[in-house]
Amino acid sequence: MAAIGKIRSKGPWLVAIVALALFAFIAGDFWKGCENAGAEDRQKVGEVMGKKLLYQDYQTEVEEYKNMFKQIGRENIDEDDLRDFTWDNYVRNIIIEQEAAKLGLGVTDEEVKSVLRSGSHPILRQLPILGDFFDQQSGLFDFNRVTYYYNFLRQHTPSQYDEFDHYWKTVEKLLRQNLLASKYMSLLQACMLSNESSAKMTFDSRYTESDVLLAMLPYSNVKDEDVKMTDSDMKAKYEEMKEQFKTDVESRDLMYVVTRIVPSESDINNLRSTIEKAATQLRDDSLALADILGSYRSAVPYHEGMPFNAEGLKNIAYPLFQAIDSLTPGQVSAPVPYTVVAPNQRQTSEYLAVAKLINKRQGVDSLAFQSIGVAMQNPVETSRVVDSIMGVLNAGQQFDSVAISLGQRGEKSWISANQYQAQETINPEFVELFNALHKAEVGKLSTIKLTSGTTVIYKVVEKKQPVTLYDVAIVSNQLKFSNETYNTEYNKFSQYVSSCKNDSDMVKKADAPGYTVLTHENLLSTDHNIGRVDPRTGEPMIPNTRSIVKWAFSEATEGSISKVYDENASNGMLVAALLLKVHPQGYLDLASVEGQVAEQLNRDRKAKMLIDQLGDAKTPEQALAKGADTLSRQHINFAVPVSIREFSEPALGGAIAATEVGKSSAHPFKGNNGVYVFTVTDRRTMEGVSFDRRAQENQLVNNYVQLLQKNSYRPYTDVSDVLVQKAKVQDNRYKF
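Keep in mind it's a predicted model, so treat the numbers as computed, not measured.

Remarks on the overall build of the chain
Step number 1: Scanning the chain from N- to C-terminus turns up 25 helices and 24 strands.
Step number 2: In terms of overall dimensions, the chain is more spread out than a globule: its C-alpha atoms have a radius of gyration of 37 Å, far above the 27 Å expected for 736 residues.
Step number 3: Summarising its shape, the C-alpha atoms of the chain cover approximately 115 × 100 × 70 Å along the three principal directions.
Step number 4: With 736 residues in all, the chain has 38% of them scored as buried.

Right under this line is the structure:
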């Protein structure tokens, strides 16, 4: 009893302890849940209509599509393009799925099977399906060929079976998604209607022409310094134009500095010494040619017994071809400098080379052949199948028909020197086949057993005329900056960046060392690089700068200066950036669009001054007396902007169309380039056309439908843009 009494006396303390223990237990689960939620948010690539996409799932989809493109021969697809494709497809499908679900739309397994069985649905041509699965005569998809390919891989190349299976499942997934999107878009298209009034207005705007007499007072008549604009005027004009500056995404303005490291005089001398040493070794004949070229890591590969043609040598460099063509067998050229221009036309590389001509002869460098490959589970079975096929071919059966029956193409293929001359390495089996084909007679059936065990049945069907072939060994090295040169320039650039405190410093201090200062306005988190895209090539001006985009959106504040980024160090490029301004989602502020607002306000003020100059002038003749220039224009219609002295006036056509024949403009018209007064002198319908209500209504509906059609120049359609805005899409890919 004493013990119980003692416990009772401690009751409040015990209750408090138990309560704390329960709280700790519950809080532990709570905090653990918070940590898990936080970890999930850190892994969130994006969100669409409340559905999160985590990085691991996103990466899985990227790999899935990468395998798909690989199967159709696009192994070298750009990684950024692949990731954009994956994200755009994800956004589109989530939106369509949820919108379609509201309408009760879906796609069943039986529908997918039906489309594949029929092979005629247009969507099949839009999918990344191998051309071999389409009948060449009818153009229809043949699912039996897919089944055959599955069985062929299962029996003969099991290692490729899983890859193909993943590919085909991806194709079927895309088919299902596209069928659902097609249903949804078809439903929207059915809502597109027109009427007789709209059709008549559209017809008149396109085919009714007006002739006018115009009087013009150009804005250039007024000097800019005579136009007065106050801050309050600018603010008022900004409010008037504000909707033009609405943005749905956050953006950044950057200033960035670029320098290119070039080889020093010491680097140039070292390269010359290296090439001269290589020339000496080529003359001595004491080492194997392959060993010499390998030791110098020549930029031009050497394949014994695989000669160059003139075209191949010229593609390397014309000066090098000239030097080699002047040699006799056994001679070594003097060092030859040459320049290589990159495919993007923006970067050049300097090389120094020396060449030894081993042999120069006449020979065929290009021929056409047909082939069938046979690789069974064992040599005996392979030999049996080869004999069987040869028997059928020798009996007169067409080569291509036999090949197609075996699931192979059998069509004429060309093999030439151009296929290997630029290759770093050549498959030994290619060399075996190349040599066999060049020795074969045209039209004769032959076989060759390759190192891998595959037997190739082949027939040469055509050989080109002999050309000059060059068996030549070339040691070519690129002129590059050394590590010592790089370190010197890197330290110099780092000191410059460290000394800059603001954008003014960046500009002023860049002159002495010759650094280039540039700006990138309205950088988006979805941009892969800074710098504008080269219009000639479509490539970014500053490649490999995704890390700067991430810095600008994840770490930087206005005025922040980045570290030195050396992702392009191999090309001698160093970059640093400064964040000038952050434009939040919503409306761009006046400071960001001051130039556009000032330009429009300047135009408005000049227009008012010129209208005042015209006074009560109502016709071109009256305006002429007020200092205006007069001119006539014919064939003006509503649909085409009016061209006045090489300037475009889009709205002037509408004002002319609204004015009756013989009447003048009700008041001076304010255009983009001046003020106008006009009189409509004639109006007529274009010759050879007449109003067809049904045709015009159909044309209008087709125009409306275009709003739903996919535009190859951007990831979403006009209608989808609206859906995307409502879907509250979050794109965090820049963080990864």
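We are not done yet, so read on.
Some points on the layout of surface pockets
Unoccupied space between atoms shows up once a probe the size of one water molecule is rolled over them.
Step number 1: If you add up the space inside the second largest pocket, you get close to 1700 Å³.
Step number 2: Every residue lining the second largest pocket is counted, 40 residues in all, and those nearest its centre are Asp132, Tyr149, Gly407, Gln408 and Arg409.
Step number 3: If you list the elements that add at least two residues to the lining of the second largest pocket, you get α7 (143-156), α8 (161-189), β9 (366-374), α15 (379-394) and α16 (399-405).
Step number 4: Looking at the lining of the second largest pocket residue by residue, the classes come out as 16 nonpolar, 17 polar and seven charged.

A short note on the sheet that holds strand β22 (residues 669-670)
Step number 1: The four strands are arranged β19-β3-β23-β22 in an open sheet whose pairing can be described as antiparallel. Pairing within the sheet leaves two strands with one partner each, and these edge strands are β19 (629-636) and β22.
Step number 2: Across two bridges, β22 lies against strand β23 (residues 674-685) in antiparallel orientation. Bridge pairing in β23 links lysine 670 to valine 675.
Step number 3: Those strands touched by helix α9 (residues 196-207) are β3 (208-218) and β23, and its axis lies near 60 degrees from that of β3.

Some words on the side chain of serine 251
Step number 1: Within the fold, serine 251 resides in strand β5 (residues 251-260).
Step number 2: Setting aside residues up to four positions removed in sequence, serine 251 forms contacts with Asn522, Leu523, Leu524, Phe553, Lys581, Val582 and His583.

Topic: the pairing of strand β8 (residues 348-363)
Step number 1: In the sheet, strand β7 (residues 336-341) pairs with β8 via six bridges, with the strands oriented antiparallel. If you follow tyrosine 338 over to β8, its bridge partner there is tyrosine 351.
Step number 2: Strand direction decides the pairing type here: β8 and strand β13 (residues 467-478), joined by 12 bridges, are antiparallel. The partner of valine 354 across the bridge, within β13, is valine 475.

Let's talk about unusual backbone geometry
Step number 1: If you check the backbone angles, arginine 297 has positive phi at about 50 degrees while not being a glycine.
Step number 2: Checked against the element boundaries, arginine 297 lands in the loop between α12 (289-295) and β6 (308-309).
Step number 3: Residues other than glycine seldom take positive phi values, yet histidine 635 does so here, at roughly 60 degrees.
Step number 4: Structurally, histidine 635 is set in strand β19.

Let's talk about the sheet that holds β7
Step number 1: Across the sheet, four strands lie side by side as β6-β13-β8-β7; this open sheet has antiparallel pairing. Strands with a single pairing partner mark the edges of an open sheet, and in this sheet they are β6 and β7.
Step number 2: As judged from the two bridges shared by β6 and β13, these two strands associate in the antiparallel manner. Pairing of phenylalanine 308 across the sheet is with tyrosine 470, part of β13.
Step number 3: The strands that helix α14 (residues 318-325) touches are β7, β8 and β13; relative to β13, the one it contacts most, it runs at about 120 degrees.

Some thoughts on the packing of aromatic side chains
The geometry of an aromatic ring pair is captured by two quantities: the separation of the ring centres and the angle between the planes.
Step number 1: Following the criterion strictly, the structure yields 33 aromatic pairs and no others.
Step number 2: Between tyrosine 338 and tyrosine 351, the ring centres sit 5.3 Å apart and the planes meet at 10 degrees, which makes this aromatic pair stacked. Linking tyrosine 338 in strand β7 with tyrosine 351 in strand β8, this pair joins segments that are 13 residues apart in sequence. Residues tyrosine 338 and tyrosine 351 agree in their burial class; the two are buried.
Step number 3: Centre to centre, the rings of phenylalanine 481 and tyrosine 486 are 6.2 Å apart; their planes meet at 20 degrees, and the pair counts as stacked. Just as phenylalanine 481 is buried, tyrosine 486 falls in that class too.
Step number 4: Through a chain of ring-to-ring contacts, the aromatic side chains of Phe133, Phe134, Phe141, Phe143, Tyr149, Tyr150, Tyr161, Phe164, Tyr167 and Trp168 assemble into a single cluster.
Step number 5: In this structure, arginine 125 is placed above the aromatic ring of phenylalanine 134, and the distance from its NZ or CZ to the ring centre is 3.9 Å.
Step number 6: A cation over a ring is seen here: lysine 200 above phenylalanine 691, with NZ or CZ 5.8 Å from the ring centre.

Overview of helix α19 (residues 503-510)
Step number 1: If you check which residues of α19 are buried, you get Asp505, Met506 and Ala510. Projection of α19 onto a plane perpendicular to its axis shows the buried side chains occupying an angular sector of 115 degrees, all on one side.
Step number 2: Elements in contact with the buried residues of α19: β5, α18 (483-499), β14 (516-524) and β17 (573-583).
Step number 3: The backbone nitrogen of serine 504 has a side-chain oxygen 3.1 Å away, supplied by the residue at the start of α19, namely asparagine 502.

A look at the nonpolar core
Step number 1: Core analysis: the largest hydrophobic core is formed by 46 residues, its most contacted members being Ile129, Phe141, Trp168 and Leu175.
Step number 2: Mapped by element, the contributors of at least two residues to this core are β1 (44-48), α3 (55-71), α4 (79-102), α5 (109-118), α6 (123-126), α7, α8 and α25 (718-726).
Step number 3: When residues of this core are assigned to their parent elements, the largest contribution, 12 residues, is made by α8.
Step number 4: If sequence neighbours within four positions are ignored, isoleucine 129 has contacts with Leu124, Phe134, Phe141, Tyr167, Trp168 and Val171.
Step number 5: By size, the runner-up hydrophobic cluster in this structure holds 19 residues, among which are Val300, Leu320, Ile324 and Leu357.

Section: the packing of α5 against α8
Step number 1: Between α5 and α8, the shortest axis-to-axis distance is 10 Å and the interhelical angle comes to 105 degrees. In this view, α5 runs roughly perpendicular relative to α8, as classed from their interaxial angle. Within the contact between the two elements, α5 uses Asp109, Glu111, Val112, Val115 and Leu116 and α8 uses Trp168, Glu172, Leu175, Arg176, Leu179 and Lys183.
Step number 2: Across the contact of α5 with α8, the residue classes tally to six nonpolar, no polar and five charged.

The rules behind each value
Residue positions are given per chain, counting from 1 as you read along its sequence in written order. Given that this is a predicted model, residues contribute local features only at a pLDDT of at least 70 and side-chain atom pairs are listed and counted only at 80 or more, while totals for whole chains, interfaces and linings are drawn from all residues. Side-chain calculation: all heavy atoms of the structure are included, whereas hydrogens and water are not. By definition, any uninterrupted DSSP run of H or I lasting at least four residues is a helix, any uninterrupted run of E lasting at least two residues is a strand, and each is numbered from the N terminus. Each radius of gyration is computed over the set of C-alpha atoms, and the globule rule expresses the reference value as 2.2 Å times the number of residues to the power 0.38. Burial classification: accessible surface area is computed with a 1.4 Å probe over protein chains only, and a residue below 20% of its type maximum counts as buried, one above 50% as exposed, and the rest as partly exposed. Points on a 1 Å grid, built from protein atoms alone, make a cavity when a 1.4 Å probe fits but cannot get out and make a pocket when they are open with protein on both sides within 12 Å along at least 5 of 7 lines; residues with an atom within 4 Å of a point are the lining residues. Grid points are joined across faces, edges and corners, and a volume is the space filled by probe spheres set on the points. In the scheme used here, Gly and all other residues not listed as nonpolar or charged are polar, with Ala, Val, Leu, Ile, Met, Phe, Trp, Tyr, Cys and Pro taken as nonpolar and Asp, Glu, Lys and Arg as charged. Paired strands, as defined in this entry, are two strands with at least two bridges between them according to DSSP. What makes two residues a contact is simply this: any of their non-hydrogen atoms within 4.5 Å. Inter-axis angles, ranging from 0 to 180 degrees, are taken between N-to-C directions of lines fitted to C-alpha atoms, where helices are fitted over the stretch in contact. Here the aromatic set is Phe, Tyr and Trp, taking the six-membered ring for Trp, and pairing holds for ring centres within 6.5 Å; pairs whose planes are under 30 degrees apart are stacked, those over 60 apart are edge-to-face, and all others are tilted. Here, over-ring charges are defined by two tests on the NZ atom of lysine or the CZ atom of arginine: distance to the ring centre within 6 Å, and angle to the ring normal within 35 degrees. Relevant arc is that of directions from the helix axis to the C-beta atoms, nothing else. The term polar contact refers here to a pair of N or O atoms within 3.5 Å; inside protein, the definition further demands a hydrogen-donor-capable atom paired with an acceptor-capable atom, and it admits residues adjacent in sequence only when both atoms are side-chain atoms. Among buried residues, the Ala, Val, Leu, Ile, Met, Phe, Trp, Tyr and Cys ones that are joined through side-chain atoms within 4.5 Å form a nonpolar core. Throughout this description, any angle smaller than 35 degrees is read as roughly parallel, any larger than 145 degrees as roughly antiparallel, any in the 65 to 115 degree range as roughly perpendicular, and the remainder as oblique.

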